[in-house]
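Commentary on secondary and tertiary structure
Each chain, written out:
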Amino acid sequence: MKLDVQTLEEYGSVLLKLKMYPYFDIAHYILMCLAVREDIQTYQSTIPNFHKRHPLACYLSSMILCFGGGILVHFLLGEPILEDFKHHQNLVLATACWYLVFFSPFDTIYKLIKLKPVKITLSVLKELQRSRKIYDGVNHGFHLYPNSFIIIVVCGAIKGAGSGFLTIIERFNRGIYLPNTNETLHPSFATKGCLLAAIAFTLERKDLLNVSKAAMFFGVATIFVYVKVMSIFFKSFDPIVPFENLSSAVFFGGIMDALRKASRNQSAVNQKTKENKNDQASVDVDSKKIN
Amino acid sequence: MKLDVQTLEEYGSVLLKLKMYPYFDIAHYILMCLAVREDIQTYQSTIPNFHKRHPLACYLSSMILCFGGGILVHFLLGEPILEDFKHHQNLVLATACWYLVFFSPFDTIYKLIKLKPVKITLSVLKELQRSRKIYDGVNHGFHLYPNSFIIIVVCGAIKGAGSGFLTIIERFNRGIYLPNTNETLHPSFATKGCLLAAIAFTLERKDLLNVSKAAMFFGVATIFVYVKVMSIFFKSFDPIVPFENLSSAVFFGGIMDALRKASRNQSAVNQKTKENKNDQASVDVDSKKIN
Amino acid sequence: MKLDVQTLEEYGSVLLKLKMYPYFDIAHYILMCLAVREDIQTYQSTIPNFHKRHPLACYLSSMILCFGGGILVHFLLGEPILEDFKHHQNLVLATACWYLVFFSPFDTIYKLIKLKPVKITLSVLKELQRSRKIYDGVNHGFHLYPNSFIIIVVCGAIKGAGSGFLTIIERFNRGIYLPNTNETLHPSFATKGCLLAAIAFTLERKDLLNVSKAAMFFGVATIFVYVKVMSIFFKSFDPIVPFENLSSAVFFGGIMDALRKASRNQSAVNQKTKENKNDQASVDVDSKKIN
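Conventions we followed
Residues numbered from 1 in each chain as written. Chains lettered and ligands numbered in written order. Predicted model: local features only at pLDDT ≥ 70, side-chain atom pairs only at ≥ 80, totals over all residues. Heavy atoms only, no water. UniProt positions renumbered as here; feature names shortened; annotations may be inferred. Domains from an automatic or database assignment. Contact = heavy atoms within 4.5 Å. Buried area = accessible area lost by both parts, 1.4 Å probe. Least-squares fit on C-alpha atoms with pLDDT ≥ 70 in both. Helix = DSSP H or I, 4+ residues; strand = E, 2+ residues; numbered from the N terminus. Salt bridge = Lys/Arg side-chain N within 4 Å of Asp/Glu carboxyl O. Nonpolar A, V, L, I, M, F, W, Y, C, P; charged D, E, K, R; others polar. Axes fitted to C-alpha atoms, helices over the stretch in contact; angles between N-to-C directions. Parallel < 35°, antiparallel > 145°, perpendicular 65-115°, else oblique.

Under an unreviewed UniProt entry, the name given to chain A is Trimeric intracellular cation channel type B-A, and the source organism is Brachionus plicatilis. Recorded in UniProt under Subcellular location (unreviewed entry), the annotation for chain A is "Endomembrane system".

Laid out in structure tokens, this is it:
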């Protein structure tokens, strides 16, 4: 099979025509409820049976993450935050997923999801849904502010990665606040990927890229799925990190720092050499401290 | 006097025609300002004369609670949050109540409110106002989203119990954050009652219940007043708790837990009996730990 | 030169016709980014190179403060929060300022801003921009709610002093929460001044003051600039404090407290005099404790 542009476009248009409801949405909801459950296990293990004692907080937290992207985009655009709950089907589906993840008899569903193959399948579905949400977010932003590049990109990125930013609210809802852990301090690959994908979709939408909509969508979805599957096997797999380090070095003074450090070390060495050649060890220690 | 349906309807329609402004609103504002004052006394007693040192924070906190339901509903529906302050009369009234509760000469008003009969009168008025707010909230939601059961119920419930959910914001405003104390973790009777009342009003509004509007309103108001008055005399009176425990047992695996615990105890007992009959005491300790 | 009303009006109308973009806005953005940088230095000095490690959090925090007034007003009026980013020029300018403040080669820009004359120039520009923002906020509020005095004043005040109120959000974004430090607990002169300026502009707009628009604007701008320049030289210069103490004494029971204290001291003295004239010292100690 030849993987030419036309094939990509065909696959992409198939993906774009897929209905997200119900299977892709189910995967997303299940993984979000799982995230809440695991966050409870990590940070609130001192409260036994948290989800049975505080079902309301647990339910609200799960829903905040399940509908995070939509909620945050509506909030930023001054639209009704409850808009996404106008049609009942999604909320009912999310509620069912929440119930199954937290309260299935003998925890069968939870144990099932934790199995690698099931988790990978769900993650693949979820990443496809994420790509579609970014795509929808960009279209939504384009519809409201056709000339505003920034708002369109923000809509797309937040629609795809909203749940990450809402984690702080969701944790407040469960009665915990963890300083130094939020999405903007430590952006995950999902967040950074959503930003890049939103930029790509926006450029395509504004006809600034010589790529078809379908091919672009296929590319974005493939990358998200690939990175997600890899990160299930290898902890903290993030292909953007090298580029980040590079751009950090170029833009945020990394090179400057390196130069300054080098010159300072050099001058320190020179000074020491003039004075006394014995205490070379202490220079090393100094230069390490500067690091 | 015969308490038949017709009498209920008559009482209910009288209640529905009552003007909330100013007496019922005054009762609500006074009790909300009192709640702020008592929260300061409980959690910020290390700062003497908090309300004199920080009148702005104190005022804003009081107003957040006084107009909590409206603010939160407007926020969730994408309406202007300041909408309720368009007409000055309510804000002026709330400001006067705030001033009297916090700064009346020789604290006479505060001492007066703390008297049981006065507090009961105010609470009765406040619960009637709460019932009306839920009713108005349901109508507001129905007006905007006539087909969305969930949004209508949420509007009604939040309109009635909004101040509970805003307590976390109000406390941030006063410079404190109390983890593990928020409305979703420990919902009060008011919150749960508002949810049930909103569901009841919504069902009536959609003609799914064979009850008239007035009779339904009378019933809801009576229950709120009854529970409130009882809870002033008996601490933590909450008629929903038994139903909660039941539904928790049915839906959230309480029965499963009981069965599992029983079987585990049984097997532990069996094992022990086989091995040694002496250390029965330790079994009891174990079974207590599992509880 | 005679400083009569006509001259004031001429100066004021010149100020009102000044374009804020780009120079005045640059001054505002630079000082806001500087505020973020200094807040990091004060409270997050344990994390070396915070701005290089967490550029996203640092950027978002800076933007929240740069556009704080607009964001908060849009939020309170139910308008799209992202509205101000519709036109790119302001965001691009703010981004450039942020970059220069945090990452200029050898920190030249930062060192430059810290020089007194540069800081004073920037502050003067910023205070003129603040006055204009209050003026614009009042007009915006007047346009939406022509009859609502309160909303108009709040719009003006928040537009001018929004960044102060958003500091708590901005700090959450950087992963810290400082209890007992927020704008409503310890309102700065900027906040109080903005409130008074908004009231003045609103009264003028409603023709309740016999002052022209231009003269009023000139007066407000002069006061803001004067206080700002003074507060750079003398720490915590705040001309409102005496009036605050006075109104606190009148309205918040300061006089009552003084009377009560006096009467209590007096009665303590009387009691002591009757019993024994020896231990006068302890009375002094007591009266000090009551203070």
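So, next bit.
Residue and element names in this part refer to chain A. For chain A, the assigned domains are domain 1 (16–119 + 127–238) and domain 2 (239–272). For domain 1 and domain 2, the distance between their C-alpha centroids amounts to 36 Å. Across the boundary between the two partners, domain 1 contributes seven residues, which contact five residues of domain 2. Summed over both sides, the interface of domain 1 with domain 2 buries roughly 450 Å², with 70% coming from carbon and sulfur.

Before going further, it helps to spend a moment on the relation of the copies chain B and chain A. Between chain B and chain A, the superposition needs a rotation of 120° and an axial shift of 0.1 Å, giving an RMSD of 0.1 Å. The two molecules are tied by a three-fold rotation axis, judged by turn and shift. When each C-alpha of chain B is compared by its distance to the rotation axis, G78 of chain B comes out closest, at 3.3 Å. A share of only 15% of the interface residues of chain B reappears at the interface of chain A, consistent with the copies meeting through non-equivalent patches.

On to the UniProt feature "transmembrane region" (unreviewed entry) in chain A, then. All names here are of chain A. As annotated by UniProt and renumbered to match this structure, "transmembrane region" (unreviewed entry) occupies residues 56–77, 89–110, 149–169, 184–203 and 215–234. End-to-end, the C-alpha atoms of residues 149–169 are 28 Å apart, and along that stretch the chain is 100% helix and 0% strand. With 95% helix and 0% strand, residues 215–234 has its two end C-alpha atoms placed 28 Å apart.

Contact with chain C, which involves 27 residues of that partner, is made by 30 residues of chain B. With both chains or domains summed, chain C and chain B bury close to 2400 Å², and 67% of this area falls on carbon and sulfur atoms. Viewed at the interface, chain B and chain C are joined by zero salt bridges. Counting only elements with at least two residues in the side of chain C that touches chain B, the list comes to α5 (68–76), α9 (149–173) and α13 (254–275) of chain C. The leading source of residues in the side of chain C that touches chain B is α9 of chain C, at six residues. Taken together, the residues of the side of chain C that touches chain B sort by class into 17 nonpolar, eight polar and two charged.

Residues and elements named next belong to chain B. Packing of helix α1 (residues 5–17) against helix α8 (residues 116–144) brings their axes to within 10 Å, and their N-to-C directions diverge by 85°. Our classification of the angle between α1 and α8 gives roughly perpendicular. Here L15, L16 and K17 of α1 come into contact with α8, specifically with L128, R132 and Y135.

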